[in-house]
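Spelled out, the chains give:
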Amino acid sequence: MATERYNAPAREKHWQQVWEKADIFHSKEDDAAAKCYVLEMFPYPSGRIHMGHVRNYAMGDVFARYKRMKGFSVLHPMGWDAFGMPAENAAMERKVHPGAWTYQNIDTMRGQLKSMGLSLDWSREIATCSPDYYKHQQKLFLDMLEKGLAYRKSSKVNWDPVDHTVLANEQVIDGRGWRSGALVEQRELTQWFFKITAYAQELLDDLDTLTNWPEKVRLMQANWIGRSEGMSIRWALDKPTAPKGFDEIEIYTTRPDTLFGASFLAVAADHPIAKAASENNPALAEFCEECRRMGTSVAAIEAAEKLGYDTGIRAVHPFDKEWTLPVYVANFILMEYGTGAIFGCPSGDQRDMDFARRYGLPVVPVILPPGEDAVTFSLKNKAYEDDGVMINSRFLDGMGTNDAFNEAARRLENQKLGGKPQGARKVNFRLRDWGISRQRYWGCPIPVVHCKACGVVPVPAKDLPVTLPEDATFDKPGNPLDRHPTWKHCACPKCGKPATRETDTMDTFVDSSWYFVRFTAPQAATPVNAKAAKYWLPVDQYIGGIEHAILHLLYSRFFVRAMCDSGHLSFSGNTREPFAALFTQGMVTHETYKSEDGFWLLPSDVRFEGEGSQRKAIDVLSGRPVTIGSIEKMSKSKKNLVDPDDIITHYGADCARWFMLSDSPPERDVIWTEAGVAGAGRFIQRVWRIIDDVAERYPEKLGSKPSVFSPEALEVRKAAHKALDQVGKTIEGLRFNVAVATIHELANVLSAALSKSGDGLPHAIREAAELMTRMIGPMMPHLAEECWARLGYNTLVANEAWPAAEPGLLVDDQVTIAVQVNGKRRDELVISRSATNAEVEAAALKLEPVLRALEGRTVKKVIVVPQRIVNVVG
RNA sequence: GCGGACGUGGUGGAACGGUAGACACACAGGACUUAAAAUCCUGAGUUCGAAAGAACGUGUGGGUUCGAGUCCCACCGUCCGCACCA
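As the structure is a computational prediction, the values presented were derived from the model and not from experiment.

**Q** Looking at this model, I keep getting lost on the side chain of E591. Mind explaining?
**A** In this structure, E591 sits in strand 30 (residues 588-594). A residue is classified by how much of its surface remains accessible, and E591, at 17% relative accessible area, is buried. Side-chain polar atoms of E591 contact the side chain of Y593, separated by 2.7 Å. Residues in contact with E591, not counting those within four places in the same chain, are F608, R615, I628, G629, S630, I631 and N640.

Structural data, given as structure tokens:
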């Protein structure tokens, strides 16, 4: 019998050394084998790994190890998303250089990840802050610049007054910086942009090819891209009322069918006409200023308030020269979308309705909803925005919405204003170009030079990388590169005269938009090694947090396309998608604890008394009661953290991995509980005891199959092979919690079998033990090695093939069939698998509970689903 | 407001339209022990019943079906995303 407990922490170190010495996770391009590129989103080196990392990397590792065992040539790399603000904040607060801080964190976290026993190819490790990485990124930038995919323009930007930097629209959440939480201001600055909008249609269309992505993510991206089909329509302005130099206004609409319901036009505060009209109208100028101030922040909060100002200008209806409409400046019109001007149809749009009611404008219903009567139909204050039949619309009357759209469009296309068609069909996208300029030090320098004579001059490729100066200062806010005494001064690459470097660095999302490409050839002299990229890409299974559903994933999808179009990359298939399959795992959550005086407490500072509703928490230090709060995502601010290091040194990495994979479906949040971890730890000991027991009793490696198996032995064999089949399938589908349950079941069977006897049972038990050892290999790799060695093998489970289940053992000769009467289960029937429907029916009708349930009624019908169920209808 | 997901025992959760509650946690009883821990065995959806058994059970109400946790419709609740996108 097993005497010693399995000492996980000690044995895990041992097996990690064995793996490392054998260098078994080193991946190579092997044309003879099918490839599998498994990738988890690489971490930001914040200092220490957290439980979210443990969960993410445990899942990826199970998949990678399983695929290795299945014979795939696996690429499973790791690196560091190493540029970004926190390093600069650390520099400011603690007077350490961002680089030193970052690399120190990387060292710590690399050590932590290694202690998890992940099957990573560490020879491919990359850090995006290394010039070895970002010099290639600068080359990519230059080539995108040449192709017109990177450009500079002046634009209103989101300025974060705390971080002193520009933010992309995606980084502004509810009017606040995603990192600092500060209210974002609008500023006019010249910025670098990537032309992601050039790919809007392709990025949208190709979402359909991503069938192994969560539907939710595809939908979120589609909404973000925001395609709409409509028309731009030019309206003539009524001469006497128009400002100087303006004789028409162009609006964008998706509903030209509702033109006869129009009662006003509205333009954005930044619209040229609004500006012109403001010139000799101080009150209007003040109103426009007010709108701008509301900008991103307050507008979001006071979304309900629709305000406008009548410019006095009147526009002529495109279908009726005698009909003029007022032109307003309105706070709910965005200059950035469409043409920054609309026509308002109050009956067909709720915003327009609100506006019309506020300013006493006419409301003419033009669409009759299905089932309504034209005579009695009225709208009150609720617009009808759906389809219906046109009314009050002259030549459109009686048409359906679609036909009316087309008819209005046709007429406008053929109708001339100023010699040009008055209307044109137009597709509009919500997606805007990606602003990548950041006024920060710790990022990839944008490799261009500004010359008074030559303008913007790209740094020649031979002069790359443009590296960051080591001796920057971080003692005050603002851009350290800009205030550096010498760094920005250089000679113009074109004319040689004194010039200045670009001091903006790139958004760190650029770094993570192609790291998965670089992993395929991390030491290549060019950004991409074509052969390696062709072999490994796309990523076969990408795993990460749902929080990147839009930003990182959309940028990456854009970036690989830009890399293709600038000659760096080519895909063999007909889509250009970087991630063939995506899985978004849930968060790790934990209870929160608050002391009497309102401070958050770490779980390790709290002890518990009582159970269930009587459960009370007590502050370990003060002995005073603690309020148990809601279960939330583990975060530094709420202190509901459990340190992975503590778990790994106490219970071992396998335990942490196993717990993370147990119970909760991987896409859902998992609640970290002490009891759950302890349970996982107990199971590890149990597996060890079982294997130790088997090895003690049956020390011989599995030999040839005996000719006779007792029923008990056969049951064990069936259980083992069914489990093998099931575990393989569930890992394949990333349903780790089900795989865990299956292994539990097998352990139960195996442990029970040890107290039985019968022909062939030793063989069956030994076989089941050997199978189970390999089955746990992907999930608890260290324990598997220990068990495998105990079973007498000197090979590594990590190098073993995933065993093939015997098909004959996956099906039963005798099947249990449920017997229902009128859909209610009354009994069950054990019958030969090959029994005919008639035999099953006959057997079912003899069952006593069936007869009882029929209560003498005649049988009307019997439905037999072979090997599953019989339903007697009576 | 719009869009989406989800709702199953005390808890986490299983379940190709076919025996609901696998597996685990927690719980209770028992064995082992001087005792405890560890371990092993047993029990358990709810209600009625000593038991056999019966009725009711997957948020609520309808529907489709021989049969619904699963499909359809409406509602309630929870969570997430977007939010004046014309």
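Having seen it, we continue.
**Q** I tried to follow helix 12 (residues 401-414) on my own but got confused; where do I start?
**A** Think of an α-helix as 3.6 residues a turn; residues three or four steps apart then line up on the same face. Look at helix 12: 20 Å from first C-alpha to last across 14 residues, which is about the 20 Å you get at 1.5 Å a residue. Buried residues of helix 12: T401, A404, F405, E407, A408, A409 and L412, and no others. Residues of helix 12 that are buried make contact with strand 10 (227-237), strand 16 (367-368), strand 17 (389-390), strand 19 (420-421) and strand 20 (423-429).

**Q** Just to check I follow, could you spell out the packing of aromatic side chains for this structure?
**A** Per the counting criterion, the structure on display carries 40 aromatic pairs. Seen from their ring centres, F264 and Y328 are 6.2 Å apart, and the 80° between their planes marks the pair as edge-to-face. On the criterion of sequence distance, the pair formed by F264 in strand 12 (residues 264-267) and Y328 in strand 14 (residues 320-330) is long-range, its members being 64 residues apart. Take F264 and Y328: they sit in the same class, and that class is buried. Where W434 meets F558, the ring centres are 6.2 Å apart and the plane angle is 75°; that geometry is what we call edge-to-face. Taken together, the positions of W434 in strand 21 (residues 434-435) and F558 in helix 17 (residues 551-565) put the pair 124 residues apart, joining distant regions of the chain. Its relative accessible area of 1% is what places W434 among the buried residues.

**Q** For this particular structure, what's the right way to read the pattern of salt bridges?
**A** Side chains that differ in charge, positive against negative, can pair when their charged atoms come close. For the structure on display, the rule yields 45 salt bridges. Its salt-bridge partner being E248, residue R234 comes within 2.9 Å of it at the nearest N-O pair. With a gap of 14 residues between them, R234 in strand 10 and E248 in strand 11 (residues 248-253) connect regions that are remote in the sequence. With a relative accessible area of 8%, R234 lands in the buried category.

**Q** It is not clear to me how the nonpolar core should be interpreted in this structure. Could you clarify?
**A** For soluble globular proteins, nonpolar side chains are generally found buried alongside one another. Judged by nonpolar contacts, the single largest core of 178 residues is most densely connected at F141 and M779. For F141, the residues in contact, after removing those within four places along its chain, are A150, W192, F194, I436, I446, P447, V448 and M506. Grouped together as the second largest cluster of nonpolar side chains are 44 residues, A242, C288, C345 and A383 included.

**Q** What should I look at first to understand the protein's contact with RNA strand B in this one?
**A** The environment of RNA strand B is made up of 47 residues, and the closest members are T254, Y337, R351, R735 and R868. The share of sugar and phosphate among atoms of RNA strand B within 4 Å of the protein is 63%. Contact distances for RNA strand B include 3.2 Å between a phosphate oxygen and a side-chain N or O atom of R686. In the model, a phosphate oxygen of RNA strand B is placed 3.3 Å from a nitrogen or oxygen of the R826 side chain. It is helix 22 (residues 736-753) that provides the largest number of residues to the surface near RNA strand B, a total of 5 residues. When the residues that make up the surface near RNA strand B are grouped by side-chain class, the tally is 16 nonpolar, 11 polar and 20 charged.

**Q** Could you clarify how one ought to interpret unusual backbone geometry in this entry?
**A** Each neighbour pair has its own omega, and for L464 with P465 the value is 0°, a cis peptide bond. Looking at the secondary structure, you find P465 in the loop between strand 24 (455-458) and helix 13 (480-483). In the segment running from L537 into P538, the intervening peptide bond is cis, with an omega of 0°. Mapped onto the secondary structure, P538 falls in the loop between helix 16 (530-536) and strand 28 (541-545). Phi is positive for D663, which is not a glycine, with a value near 65°. With respect to the helices, strands and loops of the structure, D663 is situated in the loop between helix 19 (653-661) and strand 35 (670-671). Positioned with a positive phi, N822 is a non-glycine residue whose angle comes to about 50°. Examined against the element boundaries, N822 turns out to sit in the loop between strand 36 (814-821) and strand 37 (824-832).

**Q** What is the right way to read the packing of helix 22 against helix 23 (residues 761-776) from this model?
**A** In a pair of packed helices, the angle between the axes and the distance between the axes together describe the arrangement. The contact between helix 22 and helix 23 brings their axes to 10 Å, and the two run at 155°. With respect to each other, helix 22 and helix 23 are oriented roughly antiparallel. The chirality of how helix 22 crosses helix 23 is left-handed. Residues I743, L746, A747, L750 and A753 of helix 22 lie in contact with helix 23, whose contacting residues are L761, I765, A768, A769, M772, M775 and I776. The residue inventory of the contact of helix 22 with helix 23, partitioned by class, reads 12 nonpolar, no polar and no charged.

**Q** Got a minute to help me understand the confidence of the model for chain A in this structure?
**A** Detailed conclusions should not be drawn from predicted coordinates in areas where pLDDT is low. Overall, the prediction assigns chain A a mean pLDDT of 91, with 97% of residues at 70 or greater. This stretch, residues 296-302, has a pLDDT under 50; its non-local contacts, to residues over four places away or in other chains, come to 8 contacts.

**Q** Help me out: how do you make sense of the environment of Q685 in this one?
**A** By the secondary structure assignment, Q685 is in helix 20 (residues 674-697). For Q685, the residues in contact, after removing those within four places along its chain, are R5 and Y6. In terms of polar contacts, Q685 uses its side chain to reach the backbone amide nitrogen of Y6, at 2.9 Å.

**Q** What exactly am I supposed to notice about the environment of P477 here?
**A** Mapped onto the elements, P477 comes out in the loop between strand 24 and helix 13. Between the alpha carbons of P477 and E547 there is a distance of 29 Å; along the sequence they are 70 residues apart. If we skip the residues at most four places from it in the chain, P477 touches H164 and R483.

**Q** Mind showing me how you'd approach the state of the cysteines here?
**A** When the sulfur atoms of two cysteines share a covalent bond, that bond is a disulfide. Tallied over the entire structure, the rule returns 0 disulfides. Of all cysteine sulfurs in the structure, the one in C451 sits closest to C495, which takes part in no disulfide; the separation is 3.6 Å. Its relative accessible area of 33% is what places C495 among the partly exposed residues.

**Q** How should the sheet that holds strand 21 be read in this particular structure?
**A** Strands in a sheet are paired, the pairing made by backbone hydrogen bonds, and the direction either parallel or antiparallel. The 4 strands lie next to each other as 6-5-9-21, forming an open sheet whose pairing is antiparallel. Across the chains shown, the open sheet's two edge strands, defined by having one partner strand only, are strand 6 (165-167) and strand 21. Where strand 5 (residues 150-160) meets strand 6, 3 bridges bridge the pair, whose relative direction is antiparallel. Across the sheet, N158 pairs through a bridge with L167, a residue of strand 6. The strands touched by helix 5 (residues 131-146) within the sheet are strand 5 and strand 9 (185-194), with strand 9 carrying the most contacts at an inclination of about 90°.

What counts and how
- Residues numbered from 1 in each chain as written.
- Chains lettered and ligands numbered in written order.
- Predicted model: local features only at pLDDT ≥ 70, side-chain atom pairs only at ≥ 80, totals over all residues.
- Heavy atoms only, no water.
- Helix = DSSP H or I, 4+ residues; strand = E, 2+ residues; numbered from the N terminus.
- Buried < 20%, exposed > 50% of the residue type's maximum accessible area, 1.4 Å probe, protein only.
- Polar contact = N/O pair within 3.5 Å; in protein donor to acceptor, adjacent residues only side chain to side chain.
- Contact = heavy atoms within 4.5 Å.
- Expected span 1.5 Å × (residues − 1).
- Phe/Tyr/Trp six-rings, centres within 6.5 Å; stacked < 30°, edge-to-face > 60°.
- Salt bridge = Lys/Arg side-chain N within 4 Å of Asp/Glu carboxyl O.
- Core = buried A, V, L, I, M, F, W, Y, C linked by side-chain atoms within 4.5 Å.
- Near = heavy atom within 4 Å.
- Nonpolar A, V, L, I, M, F, W, Y, C, P; charged D, E, K, R; others polar.
- Axes fitted to C-alpha atoms, helices over the stretch in contact; angles between N-to-C directions.
- Parallel < 35°, antiparallel > 145°, perpendicular 65-115°, else oblique.
- Left-handed = near helix turned anticlockwise from the far one by under 90°.
- pLDDT = per-residue confidence, 0-100.
- Disulfide = S-S within 2.5 Å.
- Pairing = 2+ DSSP bridges.

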